[in-house]
Every structure is written in C-alpha cells, then in structure tokens.
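# Observations on chain architecture
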Amino acid sequence: MNPFKRNRIGISIVILIFFVVFSMCGKETTEEAKLTYAPQVPPHIERDYEAKVIVNMETVEVVGRLADGVEYTFWTFGGSVPGPMIRVREGDTVEFHLKNHPTSKMPHNIDLHAVTGQGGGAAASLTIPGHASKFSFRALNPGLYIYHCATSPVGMHIANGMYGLIFVQPKDDLPKVDKEYYVVQSEFYTKGKNGEPGLQAFSMEKAITEIPDYVVFNGSVGSMVEDRSITAKVGEKVRLYVGNGGPNLVSSFHVIGEIFDFIYAEGGILPNQKNVQTTLIPAGGSAIVDFTVDVPGTLILVDHSIFRTFNKGSLGMLKVEGVANSNIYSGKEEDTVYLPEGPAIQRMVTEVKPKVAAKTKEEILANGERVYKSVCSACHMKEGQGVTGVFPPLAKSDYLNADKQRAIQILKKGLSGPITVNGQKYNNVMPHLELTNEEIASVLSYVYNQWGNKGYMVSEQEAK
Ligand code: HEC
Ligand SMILES: [Cu+2]
C-alpha cells in the first residue's frame, strides 16, 4: 500500500471528525413548544441541554360561556381562558411569535413574567389585528410565571381574559409526580348581576371598585366540575400549577379534603413549606402545590374567601378513585338527632326571590328548580334521593305523591315526628323554611315534575 495515500486518508478522517464535532458545537437544537389548554399541562421536558424553543401564539376575540345562560366576549390567547400553558427549560432561548387574528378589534401584546427585559416583551410584541410579531428571550430564571396582555387599557385586556402560565422547568428538576394540572383563577366584571342571562358587557365601574360578579377557575363557572372534573387515583402524587390572573383579587387557594404536602410558594422552585392548608396567590402570581391522594372522594378546589366559591363560581373538583382506607378516613359512622332547642320546629330564614313573576309552566318549574337547589337540596340531596334514615327521599316518594295538600302544609309549617316514606321510617325535623306562597307553589310543582313523581302543578292559590 502506498504510504503517502495512507497518510492522506488519515488526514481526511481527522478533518472530517473535526468538522463534525465543530458543526455540532455551533448548532443548537430547535423545537416547537407544545402548548396545552387548561387543565392539561405540557409534557415534562426530558432533554438535559439548552435548546431554541419556538412558541406560536394567536390572540383572538371570541364569544363564549361564562356561566349557564351567561355569555361574554372574551379577549384571549389561543381562543381560551386561560390561554395555553407554555413549558420551556431553564436556559432555553424562546423565539416568540404573536399573531393577532384579523377579526380582532383591538391590538394585543404579551408580557411574560418569565422574561428578563423591557416590559416582559410587551412593546416588542405589540400587534395590530391581522399582523404578527416576533421577539426572543432567554429563560434565565426557572419558576412558574403568569403571562398577560399589557395593551392599554391593561386592566381591561386582563379582565377580558388575556392571561395564562409559562413554566420554566429548572435544570435541577422538581421531584416526579403522577398527575399534573393547570388551573388559573380570575374574576369577571359584568354589567348585569351574577346569573343575569344573555351576553354580558364588561363593567369598568365594577372593575375599578373591585367588586366582581364572577370569580372562576379556568375561565367559566363550572369549568372543572362533575364530568369536567380533574381526576387521580388513590396513591398518586398530584401537582397543581395554579395561577391568578386577577385582575384584582388575591386568591386563598385551598383544596377541601386534602393537605398540600409541599408548596412552591409564589411560583418559585423551592419547596418552602410542608403541610399547608391554604396558600395565598397574588394577582399576577402563582403557586405550585404537591399532594398525594390517599383516599377516594371528591376534593373541592376553592378560593377560601368562601362567598366567591359558593356565590361567584370559584369551585372545581378533583375526583379521586380507588379503594377506601378506614384507617385514614371512616366516612359517616353515625347520625343521631341533635335538637338543642327542644323538639319545637325551628325557623330557618331563607331568601330566594324568584327572578321573574312566574307565568308559564316552564317559568314556574325554572323558579322551582332555583328554590330547590338553594334550599331543599342541602337535605333532600341534588336528585331528591334523600339520605336513608335521616332525610326522606322526594324522588318517587309515596308519601309526597299521596297527598298534595299535606305536602303544601309541610312546606308552610315544617314537619316533625315519625313518618314512613317508601317503607323506611323517619323521625326527624324539617324546619319551617319561611318561603313565600309563590316559592312553595313553584318548588312543589318542580318536585312533582321531577324524578318519576306524579307531575302535579301547585298554584299560588292552593299554597295560600
Ligand atoms: C334542613 C333539612 C331540610 C330542608 C332544608 C328541607 N327538608 Fe323536607 N324534610 C326534612 C326532614 C328531616 C323530613 C322528615 C321529617 C320527619 O321525619 O318528620 C322532611 C320531609 C319532607 C317531605 C315529606 C316526606 C317525603 O319525603 O315526601 C316533603 C314533601 C319535603 N320534606 C319537602 C321539602 C322541600 C320541597 C324542601 C325545600 C323547599 C324541603 N323539604 C327542605 C328535612 C328538610
Ligand atoms: Cu389584549
């Protein structure tokens, strides 16, 4: 073999290796961020090196559901409230593309609290309808950050729904968990009162005085309840990424029936407290909470400023399935009657004024449903099924269906003493509820027209 030729091959190989190594050093990997809609969290980033991450986000103004029967013109990132969740890794370079849909009436931009730089990107991303902007930033600080629109009037853009979360995953990763969810609290200020039906306009006056009609998780009343609940199995570790879009209120975030094993307060990455019941989340801030679910049941996510929860909407559910463990939680073991004021029927003052003077059968039943849900369901349960031995059922109740006049009298005066309903004995007290004749007529009509009952209507006249 020609030694000179051999040498040439050797040199070529060295040059080739040098070239390959050199080109690898200079070139960073580029990927597109996978954005997710609440309550989903983008997948964990597995790579252990920095990359260039492209985020494509669109602002669009859409009419959507704020509560049952209530609509609102939301200004959004990605067509939803909150906007999509973004996940990048500490040290990544984020190339942000913001497109403003041509149908928008407003210019929009984005201020990401994860940005080190002027306005969090606001001016660099200001985009008029039908245009697109691009800017880049280096994700220097790991943590969980709010992003929001910061176009003037800033408060109004936020109040209309323009916020979401970006998680900058730390190089020293957080401990692994089994389930991750994305939850953002925020308030809405509408011209009409809470529950007033139809398309509701934004109320600047209420926003300035900070008295919202709705306080919600993930953009609407009931976004995370019943079949839309988030879920976990007994034994799983759950992590919630919680943000507060505001625009005004501070959240006292609490999960009824659980204790946070760890919290990363204010969205930092230090697990800085153990065994926390309620964590404070400032407007324009966040928190990460970790807990293991040990027993089955429905955990309730709330803002523990509790009237917001039961009267304005900040209520979500986490359904936990699995085998019960009576060593941890027994469930109800006994129910006995406790009557500190003696057996005399107690008075319970209620105030549920029907919205409109009921006329048609439909309106009467709708009013009845409202009365039922706010007064009766606490004892007789949501589907009228009652609680065996304590609160008799109204669904298919032989006692109720046998005598309309007697049922009216029960609602007018209350009821105590032994009765038998569907073969089961009850000896308890139903308080006098102080309902108006109209409420008695509508709620009884509703009950008679539900759950396989006889379908009677009760008139206000009969309830006199
Ligand atoms: C605080 C709990 C409570 C509330 C609220 C309540 N009830 Fe009752 N109700 C009872 C109890 C307890 C009895 C059984 C009393 C007894 O044992 O004598 C009863 C009995 C009845 C009965 C007769 C038994 C049957 O099952 O048919 C009717 C009808 C009834 N309630 C309707 C209503 C309606 C309608 C409302 C709402 C407007 C209402 N109740 C609200 C506790 C309640
Ligand atoms: Cu905006």
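Our subject is the structure that appears above.
Along each chain, the written sequence defines residue order, and numbers are assigned to residues from 1. Chain letters and ligand numbers both follow the written order, the letters beginning at A and the numbers at 1. pLDDT decides what is reported in this predicted model: residues at 70 or higher carry local features, side-chain atom pairs at 80 or more are listed and counted, and totals for whole chains, interfaces and linings draw on all residues regardless.

### Things to note about the sheet that holds strand E14 (residues 237-246)
- Spatially, E12-E10-E14-E19-E16-E17 is the arrangement adopted by the 6 strands of the open sheet, whose pairing is mixed. Taken across any chain shown, the strands that pair with only one partner, and hence form the sheet edges, are strand E12 (214-217) and strand E17 (273-276). Between one strand axis and the next, the sheet turns by 25° as a mean value, whatever way the strands run.
- When DSSP locates at least two bridges between a pair of strands, those strands are taken to pair. A helix here means a DSSP run of H or I that spans at least four residues, while a strand means a run of E at least two residues long, and both kinds are numbered starting from the N terminus. Pairing geometry for E14 and strand E19 (residues 285-292), over 8 bridges, is antiparallel. Following the sheet pairing, lysine 237 is matched in E19 by threonine 292. Under this scheme, a helix contributes an axis fitted over its contacting stretch, all axes are lines through C-alpha atoms, and angles between N-to-C directions fall in the 0 to 180 degree range.

### Here's the deal with the site of ligand 1
- By convention here, the C-beta atom is placed from the backbone, and a residue is near a molecule or strand when that atom is within 6 Å of it. Near ligand 1 you find 30 residues, and of these Cys376, Cys379, Pro392, Leu400 and Met430 are the closest.
- If you list the elements that add at least two residues to the shell around ligand 1, you get helix H6 (361-380), helix H7 (398-402), helix H8 (404-413), strand E22 (415-421), strand E23 (424-430) and helix H9 (437-448).
- When residues in the shell around ligand 1 are grouped by element, the largest group, 6 residues, is from H6.
- Residues are grouped as follows: Ala, Val, Leu, Ile, Met, Phe, Trp, Tyr, Cys and Pro are nonpolar; Asp, Glu, Lys and Arg are charged; all remaining types, including Gly, are polar. By residue class, the composition of the shell around ligand 1 is 24 nonpolar, 6 polar and no charged.

### Notes on H6
- Here H6 is 20 residues long, yet its end C-alpha atoms lie only 23 Å apart, well below the 28 Å a rise of 1.5 Å per residue gives.
- Of all the bends in H6, the largest measures some 50° and sits at lysine 373.
- Backbone-placed C-beta atoms define the burial measure: a residue is buried with 20 or more other C-beta atoms within 10 Å of its own, exposed with 12 or fewer, and partly exposed in between. Burial in H6 covers these residues: Ile364, Leu365, Asn367, Gly368, Val371, Tyr372, Val375, Cys376 and His380.
- The inward-facing, buried residues of H6 contact H9.
- Methionine 381 lies just past H6 and shows a positive phi near 75°. Any helix carries an expected span of 1.5 Å times its number of residues minus one. Given a residue, its bend is the angle between the two axes fitted to the seven residues that end at it and to the seven that start from it. Contacts here follow a simple rule: the backbone-placed C-beta atoms of the two residues must lie within 7 Å.

### Comments concerning the pairing of strand E20 (residues 297-303)
- In this structure, strand E15 (residues 251-256) lies alongside E20, joined through 4 bridges in antiparallel fashion. Following the sheet pairing, valine 255 is matched in E20 by leucine 301.

### A closer look at the environment of methionine 106
- Tracing the backbone shows methionine 106 in the loop between strand E5 (93-100) and strand E6 (111-112).
- Spatially, the C-alpha atoms of methionine 106 and histidine 157 are 9.4 Å apart, while their sequence positions differ by 51 residues.
- Those residues within four positions of methionine 106 in sequence are excluded, and the remaining contacts are Trp75 and Thr151.

### A closer look at unusual backbone geometry
- Proline 39 follows alanine 38 through a cis peptide bond whose omega is 5°.
- On the secondary structure map, proline 39 appears in the loop between strand E1 (30-32) and strand E2 (52-67).
- Notably, glutamate 226 is not glycine yet its phi reads approximately 50°, a positive angle.
- Counting through the fold element by element, glutamate 226 comes out in the loop between E12 and strand E13 (230-233).
- For tryptophan 451, which is not glycine, the phi dihedral falls at a positive 50°.

Function-wise, these values are silent; they only describe arrangement.
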